[in-house]
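Letter by letter, the chains look like this.
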Amino acid sequence: RPVTLMETLHSASRFKEKVLDVILDSKRIAEKPTGPGAGKWDIWRTYLRIVRLSRSKRGGTVNLLGFQVRYLDPANLAHLFREIFVNRLYDVRLPIEAPTILDCGSNIGLSILFFKNLYPRAKILGFEPSPLTFPVLVQNVQANRLRDVALQQTALADKPGRLEFYVNTDEP
């Protein structure tokens with residue numbers, strides 16, 4: 001079927017948005033303060049590789065900043081990497097070299113890898129309730145031989161009890 005003008009304009013607009021995202025993310029990476037953990041160039045190269053990967057529809061395994069990471073969905077991997085390593089949502093400076101960190105919603109473990117990158121001696125307790133994601137989290141921790149990481153397949157809430165947990169199998 002022929003492509004309409006509206007479809008062409010929409011496609012061009014999405015392309016422009018993606019290019020702008022890459023430019024803004026590159027600026028965020030360049031502004032990353034120096035300190036422990038992966039350097040700016042390593043994060044930038046990895047980010048560009050993940051942007052290319054996110055076009056795929058299949059899960060797989062990728063090397064991220066020296067860690068082997070299994071993932072279920074490339075778009076989710078790109079989102080997590082962007083939030084954690086580019087936007088640095090968890091980039092907090094702690095006054096000790098071996099903090100104890102609770103990771104509530106570990107997903108596939110990128111946040112755990114981020115903290116181990118910043119604080120190699122950290123003790124981390126990760127919680128992930130998803131029956132689809134938890135086995136991948138376990139594999140990622142084991143594949144990278146992370147020490148002092150304990151994982152629990154459970155959800156956290158403000159009171160004891162049982163809740164239904166919805167899992168979107170289209171976006172694990």
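How each quantity is defined
Residues numbered from 1 in each chain as written. Predicted model: local features only at pLDDT ≥ 70, side-chain atom pairs only at ≥ 80, totals over all residues. Heavy atoms only, no water. Helix = DSSP H or I, 4+ residues; strand = E, 2+ residues; numbered from the N terminus. Buried < 20%, exposed > 50% of the residue type's maximum accessible area, 1.4 Å probe, protein only. Areas by Shrake-Rupley, 256 points an atom, 1.4 Å probe, with all protein chains shown as cover. Pairing = 2+ DSSP bridges. Patch = residues over 30% accessible without salt bridge, like charges linked within 9 Å, V, L, I, M, F, W, Y side chains within 5 Å. Salt bridge = Lys/Arg side-chain N within 4 Å of Asp/Glu carboxyl O. Lys, Arg positive; Asp, Glu negative; His and termini not counted. Charge placed at Lys NZ, Arg CZ, Asp CG, Glu CD. Contact = heavy atoms within 4.5 Å. Axes fitted to C-alpha atoms, helices over the stretch in contact; angles between N-to-C directions. Left-handed = near helix turned anticlockwise from the far one by under 90°. Nonpolar A, V, L, I, M, F, W, Y, C, P; charged D, E, K, R; others polar. Phe/Tyr/Trp six-rings, centres within 6.5 Å; stacked < 30°, edge-to-face > 60°.

A.B. asks: Give me the overall build of the protein: which residues, what numbers.
C.D. replies: Looking only at helices and strands, the protein has 5 helices and 5 strands in total. Each helix (α) and strand (β) of the protein, taken in turn from the N terminus, gives the series α-α-β-β-α-β-α-β-α-β. Taking all 172 residues of the protein together, the buried fraction comes to 31%. Approximately 11,200 Å² of the protein is accessible, and the part contributed by carbon and sulfur atoms is 56%.

A.B. asks: I'd like a description of the pairing of strand 1 (residues 60–64), backed by residues and values.
C.D. replies: Pairing of strand 1 with strand 2 (residues 67–71) involves 5 bridges; the strand directions are antiparallel. Across the sheet, the residue bridging to L64 is F67, located in strand 2. The hairpin formed by strand 1 and strand 2 contains 2 residues between the paired strands, and L65 there has a positive phi angle of roughly 55°.

A.B. asks: So what about a positive patch on the surface? Which residues, and what values?
C.D. replies: A contiguous patch of positive charge, built from K18, R49, R52, R55 and K57, is present on the exposed surface. Here R49 is to be found in helix 2 (residues 40–53). The partly exposed category is assigned to R49, whose relative accessible area is 31%.

A.B. asks: A description of the side chain of S106 should follow, citing residues and the corresponding values.
C.D. replies: Tracing the backbone through its elements, the reader meets S106 in the loop between strand 3 (100–104) and helix 4 (110–118). The contacts of S106, once residues within four sequence positions are left out, are S111, I112, G126, F127, E128 and L137.

A.B. asks: Please provide a residue-by-residue account of the sheet that holds strand 5 (residues 149–152), values included.
C.D. replies: Here 3 strands make up an open sheet; going across it, the order is 3-4-5 and the pairing parallel. Every other strand in the sheet has two partners, leaving strand 3 and strand 5 as the edge strands with one partner each. Direction aside, the axes of adjacent strands within the sheet are offset by 15° on average. Relative to strand 4 (residues 123–127), strand 3 runs parallel, the two sharing 5 bridges. When the bridges of strand 4 are listed, D103 appears paired with G126. Most of the contacts of helix 4 go to strand 4, to which it runs at about 170°, and overall it touches strand 3, strand 4 and strand 5.

A.B. asks: An account of the pattern of salt bridges is needed here, citing residue identities and associated values.
C.D. replies: Enumeration over the complete set of coordinates arrives at 4 salt bridges. Put simply, D91 and R93 hold a salt bridge, and the shortest N to O gap is 3.5 Å.

A.B. asks: Give me the lowdown on the packing of helix 3 (residues 74–86) against helix 4, citing residues and values where you can.
C.D. replies: When two helices pack together, you describe them by how their axes are tilted relative to each other and by the distance separating the axes. Helix 4 packs onto helix 3 with a crossing angle of 35° between their chain directions and a minimal axis gap of 10 Å. Regarding helix 3 and helix 4, the two cross each other, and that crossing is right-handed. For the pair helix 3 and helix 4, the contacting residues are L77, L80, F81, I84 and F85 in the first and L110, S111, F114 and N117 in the second. Partitioned by chemical class, the residues of the contact of helix 3 with helix 4 number 7 nonpolar, 2 polar and no charged.

A.B. asks: Can you break down the packing of aromatic side chains residue by residue, with the values?
C.D. replies: Applying the stated criterion to the full structure yields 5 aromatic pairs. With a centroid separation of 4.8 Å and 20° between ring planes, the pair formed by F81 and F85 is classed as stacked. Taken together, the residues F81 and F85, both in helix 3 and 4 residues apart, mark about one turn of the helix. On the accessibility criterion, F85 (6% relative accessible area) is buried.

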